[in-house]
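Residue-level structure breakdown
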Amino acid sequence: MTPAELSRTVLATVRRAVEADELSLTGPVPERVVVRRPPRPGCGDYATNVALQLAPLTGAAPLAVADVIGRRLAAAPGIARVDVAAPGFLNITLQGKSHEALVDLVREQDRRYGLGEHQVGALPAPTGEARADAYAAALHRLHAATGIEPPARRPHPVRQTRDELLRTLGADATAWALLRPPAEDAPRTGPAEHLAQRESNPLFLVRYAHARSRALLRNAHDLGLEPGAASGRRDPAESELLGLIADFPRTVEAAARHGAPDRVARLLERTADAFLAFHDACPVLPKGEEKPSAVHGARLALADAAGTVLANGLTLLGISAPRHL
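Below is a short write-up of the structure. In this text, all values refer to a predicted model and were calculated from it rather than measured experimentally.

Rules of the game
- Residues numbered from 1 in each chain as written.
- Predicted model: local features only at pLDDT ≥ 70, side-chain atom pairs only at ≥ 80, totals over all residues.
- Heavy atoms only, no water.
- Buried < 20%, exposed > 50% of the residue type's maximum accessible area, 1.4 Å probe, protein only.
- Helix = DSSP H or I, 4+ residues; strand = E, 2+ residues; numbered from the N terminus.
- Pairing = 2+ DSSP bridges.
- Phe/Tyr/Trp six-rings, centres within 6.5 Å; stacked < 30°, edge-to-face > 60°.
- Lys NZ or Arg CZ within 6 Å of the ring centre and 35° of its normal.
- Core = buried A, V, L, I, M, F, W, Y, C linked by side-chain atoms within 4.5 Å.
- Contact = heavy atoms within 4.5 Å.
- Salt bridge = Lys/Arg side-chain N within 4 Å of Asp/Glu carboxyl O.
- Axes fitted to C-alpha atoms, helices over the stretch in contact; angles between N-to-C directions.
- Parallel < 35°, antiparallel > 145°, perpendicular 65-115°, else oblique.
- Left-handed = near helix turned anticlockwise from the far one by under 90°.
- Nonpolar A, V, L, I, M, F, W, Y, C, P; charged D, E, K, R; others polar.

This part takes up the pairing of strand β4 (residues 89–94). Counting buried positions over the 6 residues of β4 gives 5, a clear majority of the element. Judged from the 3 bridges that link them, strand β2 (residues 46–48) and β4 form a sheet pairing that is antiparallel. In the sheet register, A47 faces β4, and the bridge partner there is N91. In this structure, strand β3 (residues 79–85) lies alongside β4, joined through 6 bridges in antiparallel fashion. Each bridged residue has a counterpart across the sheet, and for D83 the counterpart in β4 is N91. From the end of β3 to the start of β4, which pair antiparallel, there are 3 residues.

Below, the structure written as structure tokens:
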């Protein structure tokens, strides 16, 4: 279940509660409900403030509204548990099958996951203004991926020309340096920051995580291990990575709606961090004399899905995603 699907489930639950007179609103049911990753581990897979949003329309306390919605939502397909937290948040834990279906969806859609069915087509003609060109190209790709027309942005300029940056940084690091900061911030374009081959360099970290995911697939193939279905209880590191994978399409849509490719870059950084934490906490490949198991297959499928998100996000930013570093 993706965040968009969960949002629709929460909204349908609210409407059913209103129709059953369990909630009495003085205004219309909202058209959209926001679900997000919770700020701390141990608070479920997603959280929503819909009860806080509705409380002023009911005259009831947010916790009472959350109780009504939570009881109904807990019975919805794909949801394992709903916990109410002060002052009125709903913390939602998905069933294991929902996560399994998400990984299957990512692996099935592959390079289409989060990027829609649209074709990128020709990029806008360059103007010679380095950051304006980078933003125009990124917004064009976001529009192609989502069908949403991003707002025109005049990002903070840089002193170097596009050709100067390309000579100093190369195409990939130039794109990252210009698109990673929010449009209103001045980007830093020093080579020491963007060309360093270490994990303190966010671009290197993202590309390294992608390459590592592809190396796992190659090594697994040599061992006769294939990606498989999830089984058993999930490690917290797996849950964190799954949540970020699920959040990728919503982030792409939000980036298009606000004309903010930096949102995609930040999600890629978090996904790379989560993937490497998962890689360390949950061995994907058997060690020593250990035989491949269903757990290894499930982790391999998750690693494959994470690599797909990293590759697709880099593609949106106009950056290559090498399989070897």
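Moving on from the coordinates now.
Read across the open sheet, the 4 strands follow the order β1-β2-β4-β3; overall the sheet is antiparallel. The sheet is open, and its two borders are formed by β1 (35–36) and β3, each paired with just one other strand.

So, on to the packing of aromatic side chains. Applying the stated criterion across every chain yields a total of 3 aromatic pairs. Taken together, a centroid distance of 6.2 Å and an interplanar angle of 50° make the contact between F275 and F278 tilted. On the criterion of helical spacing, the pair formed by F275 and F278 is a turn pair, its members being 3 residues apart in helix α10 (residues 262–281). Here the basic side chain of R37 rests over the ring of Y46, its NZ or CZ set 5.7 Å away from the ring centre.

Below, the discussion takes up the environment of L54. Looking at the secondary structure, you find L54 in helix α2 (residues 50–58). For L54, a relative accessible area of 0% translates into the label buried. The spatial distance from the C-alpha of L54 to the C-alpha of P182 is 32 Å, given a sequence separation of 128 residues.

One finds L6, I245, F275 and F278 to be the most contacted residues of the largest nonpolar core, which totals 90 residues. Those residues in contact with F275, other than ones at most four positions away along the chain, are A209, R212, S213, L216, L241, A303 and A306.

Okay, the environment of T168 next. Tracing the backbone through its elements, the reader meets T168 in helix α6 (residues 162–179). For the pair formed by T168 and L325, sequence separation is 157 residues and the distance between their alpha carbons is 20 Å. Dropping the residues within four chain positions of it, T168 is found in contact with P191 and L195.

Bringing the environment of R218 into the picture now. Along the chain, the position of R218 falls in helix α8 (residues 202–223). Distance in space between the C-alpha atoms of R218 and R167 is 34 Å, their sequence separation being 51 residues. Other than its neighbours up to four places away in sequence, R218 contacts R323 and H324.

Applying the stated criterion across every chain, the model contains 14 salt bridges. The salt bridge involving R81 is made with D83; its shortest N-O contact spans 2.9 Å. Residues R214 and D304 are paired through a salt bridge, measuring 3.2 Å at the closest nitrogen-oxygen approach. Of this pair, R214 sits in helix α8 while D304 sits in helix α11 (residues 294–316); the two residues are 90 residues apart in sequence, bridging distant segments of the chain. Note on R214: relative accessible area 6%, which makes it buried. For D304, a relative accessible area of 11% translates into the label buried. Overlapping salt bridges bring together R107, R214 and D304 as one network.

Two elements in contact, α8 and α11, have axes whose closest approach is 9 Å; the angle formed by their N-to-C orientations is 140°. One element, α8, and the other, α11, form an angle in the oblique class. In this structure, α8 meets α11 at a crossing whose hand is left-handed. Listed contacts from α11 to L203, V206, R207, A209, H210, S213, R214, L216, L217 and A220 of α8 are L300, A303, D304, G307, T308, L310, A311 and L314. The residue makeup of the contact of α8 with α11, split by class, is 11 nonpolar, 4 polar and 3 charged.

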